[in-house]
Amino acid sequence: YPDMKATEGEAFSMNALKTENAKLQAAVKSRTIELENKSRELELESSLEKVRAQALGMRKSEDLLDICHTLYNELGKLGITSLRNAVIHVFHDEQACFTDYEYSDSTGGHITMLPYKGDLTLEKFIKRIKKSEKAFVELKVEGKEFENWKSFRKKTGQINDTRLKQAKAIHYYIYSVGNASIGISSFDTVEKDKKELLKRFRNVFDLAYKRYTDITNAEAQARDAQIEAGLERVRSRSLAMHKTGELQSV
């Protein structure tokens, strides 16, 4: 039946049509946002799964560099466009140093052993990351400190990164994981939602770190066994001596 509010020549009131149209547009917008969020979550889960798979596939401690590589690629796909590199650190408190694993498409992968002291930026980082097993460190390096940091990199044999010549500052975003840490450095500030993305990867890296400790313990045991076998060969040859001329063989 015709709408009683309709004017002459109308089957329905224009106001009613506008109201209904607005409702439909709002419903479409809401559904579109919902689908986009689901799509982003699926994309993120796919990226996280790649890091999980990399962790489970680790066979030696150096494989942490492959996780850096995967982290760098996946964060780039998820929208962190100003990435400089992805980093993993494993701390050795008894030696006051840490193993630095880093990867970027510009420099490739590199592993360096770095001291806890010798650079202001590094010392600030160590102090903050060591506060707790779930610490988060956000550092901006600029000005004179940035120049000193670049000199320290060169002195300690870190991989050359030509992009640093044009850079005015570097931003670090790093999460603690047990006696290790994982994160990124960036040429620009990273938005809050991207930091939350990185936190999701930190939670997945927890699995990789446990795998790493198992592997390093196994490597240490294998090394001890290798040393013991070498010592035993020397013992056996020594006990088998019958004359002084056999010292040459020992």
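Residues numbered from 1 in each chain as written. Predicted model: local features only at pLDDT ≥ 70, side-chain atom pairs only at ≥ 80, totals over all residues. Heavy atoms only, no water.

1. Brief notes about the confidence of the model for the protein
Moving on, step 1. Confidence along the protein averages 84 in pLDDT terms, with 86% of residues attaining 70 or more.
Moving on, step 2. Least confident of the elements in the protein is helix H1 (residues 14-56), whose mean pLDDT is 75; most confident is strand S2 (residues 97-104), at 95. (pLDDT = per-residue confidence, 0-100. Helix = DSSP H or I, 4+ residues; strand = E, 2+ residues; numbered from the N terminus.)

2. Here's the deal with the nonpolar core
Moving on, step 1. Counting 32 residues, the largest nonpolar core has Leu64, Ile67, Leu75, Ile88, Ile184, Phe201 and Phe205 as the members making the most contacts within it.
Moving on, step 2. Contributions of two or more residues to this core are made by H1, helix H2 (64-77), strand S1 (83-92), S2, strand S5 (169-177), strand S6 (180-186) and helix H5 (192-239).
Moving on, step 3. The element best represented in this core is H2, accounting for 7 residues.
Moving on, step 4. In terms of nonpolar packing, the next biggest core, distinct from the first, is built from 20 residues, Val87, Leu122, Leu139 and Ile170 among them. (Core = buried A, V, L, I, M, F, W, Y, C linked by side-chain atoms within 4.5 Å. Buried < 20%, exposed > 50% of the residue type's maximum accessible area, 1.4 Å probe, protein only.)

3. Some remarks on the pairing of S2
Remark: a regular strand shows side chains that alternate across the two faces of the sheet.
Moving on, step 1. For S2, the buried fraction is high: 8 of the 8 residues fall into the buried class.
Moving on, step 2. Burial along S2 is two-sided: the residues Cys97, Thr99, Tyr101 and Tyr103 and Phe98, Asp100, Glu102 and Ser104 are all buried.
Moving on, step 3. Relative to S2, S1 is paired through 7 bridges, and the arrangement is antiparallel. What sits directly across from His92, in S2, is Cys97.
Moving on, step 4. Joining the antiparallel neighbours S1 and S2 is a turn of 4 residues, in which Ala96 adopts a positive phi near 55°.
Moving on, step 5. Between S2 and strand S3 (residues 108-115), which pair antiparallel and follow one another directly, the connecting turn spans 3 residues. (Pairing = 2+ DSSP bridges.)

4. Re the sheet that holds S2
Each strand in a sheet pairs with its neighbour through backbone hydrogen bonds, running either in the same direction (parallel) or in the opposite one (antiparallel).
Moving on, step 1. The strand order S3-S2-S1-S6-S5-S4 describes an open sheet built from 6 strands, whose pairing is antiparallel. The sheet is open, and its two borders are formed by S3 and strand S4 (136-142), each paired with just one other strand. When strand polarity is set aside, the average angle formed by the axes of neighbouring strands in this sheet is 20°.
Moving on, step 2. Where H2 meets the sheet, it contacts S1, S2, S3 and S6, and its direction lies at approximately 150° from that of S1. (Axes fitted to C-alpha atoms, helices over the stretch in contact; angles between N-to-C directions. Contact = heavy atoms within 4.5 Å.)

5. A few points about the pairing of S1
Moving on, step 1. Judged by how many residues are buried, S1 sits mostly within the fold: 10 of 10 residues are covered.
Moving on, step 2. Of the strand pairs in this sheet, S1 and S6 are connected by 7 bridges, and their pairing is antiparallel. By the bridge assignment for S6, Ile88 is matched with Ile182.

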